[in-house]
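Residues per chain, in single letters:
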Amino acid sequence: MEKSRICLLWLAEHPNFPKFQKLLSPGWIPGRRVDNSDQQYAGFRNNIPYLLVLLLLHPCLRKAFEFLYSSSHSINGSPTGHKPNGAAVKNHQPEAKRRFDRRISFDIGFAIVYIFALHGSSALKIILILYTNFALATRLRNEYVPIATWTFNIGILFANELCRGYPYAGFARLLQPWSDVSTSKSGGGWGSYLDSYGGLIPRWEILFNITVLRLISFNLDYYWSSSRPNRIALEKRQLDPSVLSERDRVDIPAEPEDFSFRNYLAYTLYAPLYLTGPVLTFNDYVSQTRYSPQSITRTRTTLYGIRFFISLLTMEVMLHFVYAVAISKAQPAWEVYSPFQLSMIGYFNLHIIWLKLLLPWRFFRLWALIDGIDPPENMVRCMSDNYSALAFWRGWHRSFNRWIVRYIYIPLGGSGSGRATQGKWGTARSIVNMLAVFTFVALWHDIQLRLLIWGWLVTLFVLPEVLAGYLFPKRKWQGRKDAYRMICGIGAVGNILMMMAANLVGFAVGLDGLKGLVHGIVGSYSERILV
C-alpha cells in the first residue's frame, strides 16, 4: 500500500495530474515524460550537447595555441630547451614564466571571444565594470580599497537588478533626448540596434553575481599583498612555490607584478569557471597558472568525468519518474496528498535542487580540470548525508563557503579567538557575524524577499545546534555515550527538518508553498499521530 502511495506522485491517474501535466515534456525513457519545468536547470540541460563540444574544443585550441606560441618564441631566439643557471633551475622560474605567459595569453583571447558570443554587445558593459573595479584597487590609497570594493560591488548587485542590465536604448534616450519618439518606439536608433545583438545569453546580469566574487577577491588579495609580500611569505614557511597545497595557494599572495590588468582580465573571465564557478581566488588562479598543480592526473580527471555522467543519469531518471518540481509549480490541492506523500514531495524537491546545482558545478569543474586548473569541489557530500546544519553549509557550495570565510567572516572577527570573546560572548559574536554573512549570501543570490527570509531562516535554524553544543558539550558526556548519542539523534532530526524548510522557502515552493505543505502534513490531529 505504501508503494502505491508513493507512485501516486507521478501516476497519470492521480487527481492532481491534469494541473501539472502541461509542465511536463516528452522524455527519452520509453513511456515517460520528463519534468523539465525548472528554468534554471533547463537552461543547462538543453545545452548539454553544445557544452560537451566546447569541453572538447577548448583544450584542443589551447594545445594548438601553445604549439604556435612555443614555435614563435623559439624562432625569436628564446628556445624552450635553453638551460638557465643553477638558481633558476632550483626555483623553476624560466619554465614557470613561459607557462604563465602562454596560459594568460590564451585565457584572455578565448575569454574575449567567449563573452562576446555569450552576451553580444553587453560584453562592453562587463569590461567597463571590470575596469572600474580594477581602478578602485590600484589607484586609491591602500586603506580605502576594502570599503570602496565592498561599496562598489554591492552597489553593482543592486544596480544590475534595478536597471535590468543597462539597455543601450536607455543610454540613447539620455544622450539624445531630442531624438524622435516615434523612431525609438519603432525600435530604431543606435541603442536598440546594439541591444538587438544580445548573444546567446542576453540577460548577462543574471549570471554576473559569480563574477562579482572574483572582483572582490582580486581587490582584497591585492590589498593584503601589500602587508605580506609573496617572497617573505614563502621564505617564512620555507615553501617551494611549485608544490604548494591548496590552502597555501589561497593564502600566499601573488607577486606584485601579477596584479596587472592583463592577469586580472584573464582571471575574472576565465572561460571554464566564468558562468557558474566554482569560485577560485586570484592568488590560487595565479599560482596554478604558473605551476601545474600536482593534484591533477589523467586517472583522477577521467574518474571525475565518470562521476559527472553517473550524476547526470541519476538526475535524468529522477526527472522522468519524480515530478516534484512540476507539482510544486502547479500549486495543486495539497489536501489530496497524504502526509507521507507531502513529505516526499518536499524531500525529493530538495534532492532535485541538490542535483541541479551539483551538475553544472561538476561539469564546469571537469572542464577546468581538463584545462589544467583544479578549483574546489562545490558539493562534497549528498544532502541526505548531513545531520549538522553547520556541516551542511560547509559542504553546500563549498567554494563559496570558503570565499565567505576568507573575505567576510574572518575580517568581521569570526567567532573570536581572544579570551574576551570565548564562551557565550564568542558564541554571540559568531551568531551576529553569521547573520551578516547569510544576509549577504541572500542578496548575492537575488534581491528578493523570499531569499532574505531564507538567509535569516538559515541563521535562525543554526542557533539550536550552536546552543546545544554550548549546553551539551561532548567532553562532559564521555561516560554516557548512549545518552549523548540519543541527544545527537534528536538534534539531527530537527536539523534536517529545518534545513528542508529553509531551502524549500528559498529555492522551491516559497513561504506560501511551505505553509501549504506543513498544513497538509500536520493539519489534523490524526495526521500528527501518523507523523
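Residues numbered from 1 in each chain as written. Predicted model: local features only at pLDDT ≥ 70, side-chain atom pairs only at ≥ 80, totals over all residues. Heavy atoms only, no water.

**Re the overall build of the protein chain**
And then number 1: In terms of regular secondary structure, the protein chain is built from 27 helices and two strands.
And then number 2: Look at the contacts in the protein chain between residues 6 or more apart in sequence, and 75% of them connect residues 24 or more apart.
And then number 3: When the accessible surface of the protein chain is totalled, it reaches about 27200 Å², and 64% of it is carbon and sulfur. (Helix = DSSP H or I, 4+ residues; strand = E, 2+ residues; numbered from the N terminus. Contact = heavy atoms within 4.5 Å. Areas by Shrake-Rupley, 256 points an atom, 1.4 Å probe, with all protein chains shown as cover.)

**Points about the packing of aromatic side chains**
And then number 1: Per the stated rule, a full pass over the model turns up 41 aromatic pairs.
And then number 2: Measuring from ring centre to ring centre gives 5.7 Å for phenylalanine 65 and phenylalanine 106, while their planes differ by 50°; the resulting arrangement is tilted. Note that phenylalanine 65 is positioned in helix α4 (residues 48-75) and phenylalanine 106 in helix α6 (residues 93-119), a separation of 41 residues in sequence.
And then number 3: Ring plane angle 45° and centroid distance 5.6 Å describe the contact between tyrosine 267 and tyrosine 285, whose orientation is recorded as tilted. On the criterion of sequence distance, the pair formed by tyrosine 267 in helix α15 (residues 261-268) and tyrosine 285 in helix α17 (residues 282-290) is long-range, its members being 18 residues apart. In this structure, tyrosine 267 and tyrosine 285 share a single accessibility class: buried. (Phe/Tyr/Trp six-rings, centres within 6.5 Å; stacked < 30°, edge-to-face > 60°. Buried < 20%, exposed > 50% of the residue type's maximum accessible area, 1.4 Å probe, protein only.)

**Let's talk about the nonpolar core**
And then number 1: Grouped together as the largest cluster of nonpolar side chains are 101 residues, with contacts concentrated most on Tyr114, Trp367 and Trp403.
And then number 2: Here this core gets 15 residues from one element, more than from any other, and that element is helix α20 (residues 339-371).
And then number 3: For tryptophan 403, the contacting residues outside a window of four places in its chain are Trp150, Leu213, Ile216, Ser217, Val279, Ile408 and Phe440.
And then number 4: The next biggest cluster of nonpolar side chains, apart from the first, holds ten residues, and it includes Phe17, Leu24, Ala326 and Ile345. (Core = buried A, V, L, I, M, F, W, Y, C linked by side-chain atoms within 4.5 Å.)

**Quick word on the pattern of salt bridges**
And then number 1: Across all of its chains, the model carries 19 salt bridges by this definition.
And then number 2: A salt bridge links arginine 103 to aspartate 371; its shortest N-O distance comes to 3.2 Å. Separated by 268 residues along the polypeptide, arginine 103 in helix α6 and aspartate 371 in helix α20 bring together distant segments of the chain. In this pair, the class of arginine 103 matches that of aspartate 371, namely buried.
And then number 3: In this structure, a network of salt bridges that share partners links the residues Arg300, Arg362, Arg365, Asp374 and Glu377. (Salt bridge = Lys/Arg side-chain N within 4 Å of Asp/Glu carboxyl O.)

**Things to note about the packing of helix α18 (residues 298-321) against α20**
And then number 1: The N-to-C vectors of α18 and α20 enclose an angle of 150°; their axes lie 10 Å apart at closest approach. Here α20 runs roughly antiparallel to α18, going by the angle between their axes. For the element pair α18 and α20, the recorded crossing hand is left-handed.
And then number 2: Across the contact of α18 with α20, the residue classes break down as 15 nonpolar, five polar and five charged. (Axes fitted to C-alpha atoms, helices over the stretch in contact; angles between N-to-C directions. Parallel < 35°, antiparallel > 145°, perpendicular 65-115°, else oblique. Left-handed = near helix turned anticlockwise from the far one by under 90°. Nonpolar A, V, L, I, M, F, W, Y, C, P; charged D, E, K, R; others polar.)

**Details of the side chain of aspartate 221**
And then number 1: Structurally, the position occupied by aspartate 221 is in helix α12 (residues 209-225).
And then number 2: A polar contact is formed between the side chain of aspartate 221 and the side chain of arginine 406, at a distance of 3.0 Å.
And then number 3: Polar side-chain contacts of aspartate 221 include one of 2.9 Å to the side chain of tyrosine 407. (Polar contact = N/O pair within 3.5 Å; in protein donor to acceptor, adjacent residues only side chain to side chain.)

**Remarks on the environment of leucine 269**
And then number 1: Counting through the fold element by element, leucine 269 comes out in the loop between α15 and α16 (271-274).
And then number 2: The exposure class of leucine 269 is buried, given its relative accessible area of 0%.
And then number 3: A C-alpha to C-alpha distance of 7.6 Å links leucine 269 and isoleucine 108, two positions 161 residues apart in sequence.
And then number 4: Residues contacting leucine 269, with those up to four places away along its chain left out, are Ala111, Ile115, Ile126, Leu130 and Tyr274.

**What to know about the environment of arginine 45**
And then number 1: The topology assignment puts arginine 45 in helix α3 (residues 39-45).
And then number 2: In this structure arginine 45 comes out as buried when scored by relative accessible area, which is 17%.
And then number 3: In sequence terms arginine 45 and leucine 359 are 314 residues apart; their C-alpha atoms lie 9.4 Å from each other.
And then number 4: Not counting chain neighbours up to four residues away, the residues in contact with arginine 45 comprise Trp28, Val34, Asn36, Glu316, Leu319 and His320.
And then number 5: Polar contacts involving the side chain of arginine 45 include one to the side chain of glutamate 316, which spans 2.7 Å.

**Some details on unusual backbone geometry**
And then number 1: Cis rather than trans, the peptide bond between glycine 277 and proline 278 has omega equal to 10°.
And then number 2: In this structure, proline 278 sits in the loop between α16 and α17.
And then number 3: Backbone geometry places arginine 164, a non-glycine residue, at a positive phi of 55°.
And then number 4: Following the sequence through the fold, arginine 164 ends up in the loop between α8 (145-162) and α9 (168-175).
And then number 5: Arginine 164 gets classed as exposed once you look at its relative accessible area, which sits at 62%.

**So, the confidence of the model for the protein chain**
And then number 1: Of all residues in the protein chain, 80% attain a pLDDT of 70 or more, and the chain-wide mean is 82.
And then number 2: Every residue in residues 1-9 is under pLDDT 50, and counting partners more than four places away or in other chains gives twelve contacts.
And then number 3: Predicted confidence is poor over residues 78-90, with pLDDT under 50, and the contacts of this stretch with residues over four places away or in other chains come to nine contacts. (pLDDT = per-residue confidence, 0-100.)

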